[in-house]
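# Analysis of the macromolecular model
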Amino acid sequence: MTEKHRERIRLETEHMKERRQPVGGRRMLVFLLGICLFGMLTPVLGGLHAEQEPWAAVIVGEGRPLPGDFTVDLEQVGGVRVDTRIAPALRRMLRAAEADGVTLSLKAGYRSVKEQAALADDGEGSAAPGENEHHTGLAVDFFVSGTEDFEGTSAYAWLTAYGAEYGFVLRYPAGKEALTGRAFAPQHFRYVGKRRAAAMAEEGKCLEEIGEDS
């Protein structure tokens, strides 16, 4: 991608944020009022525990295979299968992008070890069977029809700007290859939970730096 192209994406992202600011302000007000009411009805510690979502921090990758006893309940969203626990957040994110004039098309979601092995046999697998994050049901790949340069699309700009609001982060960012063991993958986003996603975005860290105990 040229520097001119990157600058266009940066300006487009800033424009998106400016357009959404008033709505975001109203959403924040509603959110704060909701928190106050929620606090009257639910113990604070219970709410914090639910927000931590320890299952959303699981790391599967090279040298860190999926546990042998791992199971996942799946649900269909946007034509792909995902962990049923992330389905509501994913649907909200797709609707929010659509409201902003951006279509987020899903290309891949959950993939079994057997399915990953078949891809590897066909020379298409990007990770060894058992060591692919798609096995968790927490990761999704996006695409834009007609282009292989997902980084240069409005969909990528929107996801990097607002994905964390729904608990999704760019899983394999540029500059973190030594930690993630994977090359930059602009199409690959992962649910880690809203609190964790916000911290990662603010600190510029990948999931390996945050850790599974976060």
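Everything discussed here concerns the structure shown above.
My aim in this report is to walk through the structure given alongside it, one point at a time. (Residues numbered from 1 in each chain as written. Predicted model: local features only at pLDDT ≥ 70, side-chain atom pairs only at ≥ 80, totals over all residues. Heavy atoms only, no water.)

Time to look at the sheet that holds strand 3 (residues 105–108). Within the open sheet, the four strands sit side by side as 3-4-6-5. Their pairing is antiparallel. Pairing within the sheet leaves two strands with one partner each, and these edge strands are strand 3 and strand 5 (168–170). With direction set aside, neighbouring strand axes in the sheet form an average angle of 45°. Sheet topology note: the strand 4 (residues 139–143)/strand 6 (residues 188–191) ladder contains three bridges and is antiparallel. Bridge assignment links Ala139 to a residue of strand 6, and that residue is Arg190. (Pairing = 2+ DSSP bridges. Helix = DSSP H or I, 4+ residues; strand = E, 2+ residues; numbered from the N terminus. Axes fitted to C-alpha atoms, helices over the stretch in contact; angles between N-to-C directions.)

Turning next to the environment of Leu74. For Leu74, the location among the structural elements is in strand 1 (residues 74–77). With 63 residues separating them along the chain, Leu74 and Gly137 place their C-alpha atoms 7.3 Å apart. Setting aside chain neighbours within four positions, we find Leu74 in contact with Arg81, Val82, Asp83, Thr84 and Tyr110. (Contact = heavy atoms within 4.5 Å.)

It is worth spelling out the pattern of salt bridges at this point. Tallied over the full model, the rule gives eight salt bridges. Two residues, Arg190 and Glu133, come together in a salt bridge whose shortest N-O distance is 2.6 Å. One end of the pair, Arg190, is in strand 6; the other, Glu133, is in the loop between helix 4 (113–121) and strand 4, with 57 residues separating them in the sequence. We classify Arg190 as buried; its relative accessible area is 0%. Exposure remark for Glu133: the relative accessible area of 1% places this residue in the buried category. Glu203 is the partner of Lys205 in a salt bridge, and the nearest nitrogen-oxygen pair spans 3.3 Å. Among the ionic contacts, a cluster of salt bridges with common partners joins Glu133, Arg171, Arg190 and Glu208. (Salt bridge = Lys/Arg side-chain N within 4 Å of Asp/Glu carboxyl O. Buried < 20%, exposed > 50% of the residue type's maximum accessible area, 1.4 Å probe, protein only.)

Across four bridges, the pairing between strand 1 and strand 2 (residues 80–83) is antiparallel. Opposite Leu74, over in strand 2, you have Asp83 as the bridge partner. Taking the residues that link successive antiparallel strands as the turn, the strand 1-strand 2 hairpin has two residues, and the phi of Gly78 there is positive, at about 60°.

With that settled, the discussion passes to the nonpolar core. Generally speaking, a soluble globular protein has its nonpolar side chains buried in company with each other. Counting 32 residues, the largest nonpolar core has Leu90, Met93, Leu104, Phe142, Trp158 and Phe168 as its most contacted members. Elements that contribute at least two residues to this core include exactly strand 2, helix 3 (87–99), strand 4, helix 5 (154–162), strand 5 and strand 6. Sorting elements by how many residues they give to this core places helix 3 first, with seven residues. Once you skip the residues sitting within four places of it in the chain, Phe168 turns out to touch Ile86, Ala89, Leu90, Met93, Val140, Gly163, Arg190, Tyr191 and Ala197. If you look at the next biggest cluster of nonpolar residues, it comprises six residues, including Val169, Ala197, Met200 and Leu207. (Core = buried A, V, L, I, M, F, W, Y, C linked by side-chain atoms within 4.5 Å.)

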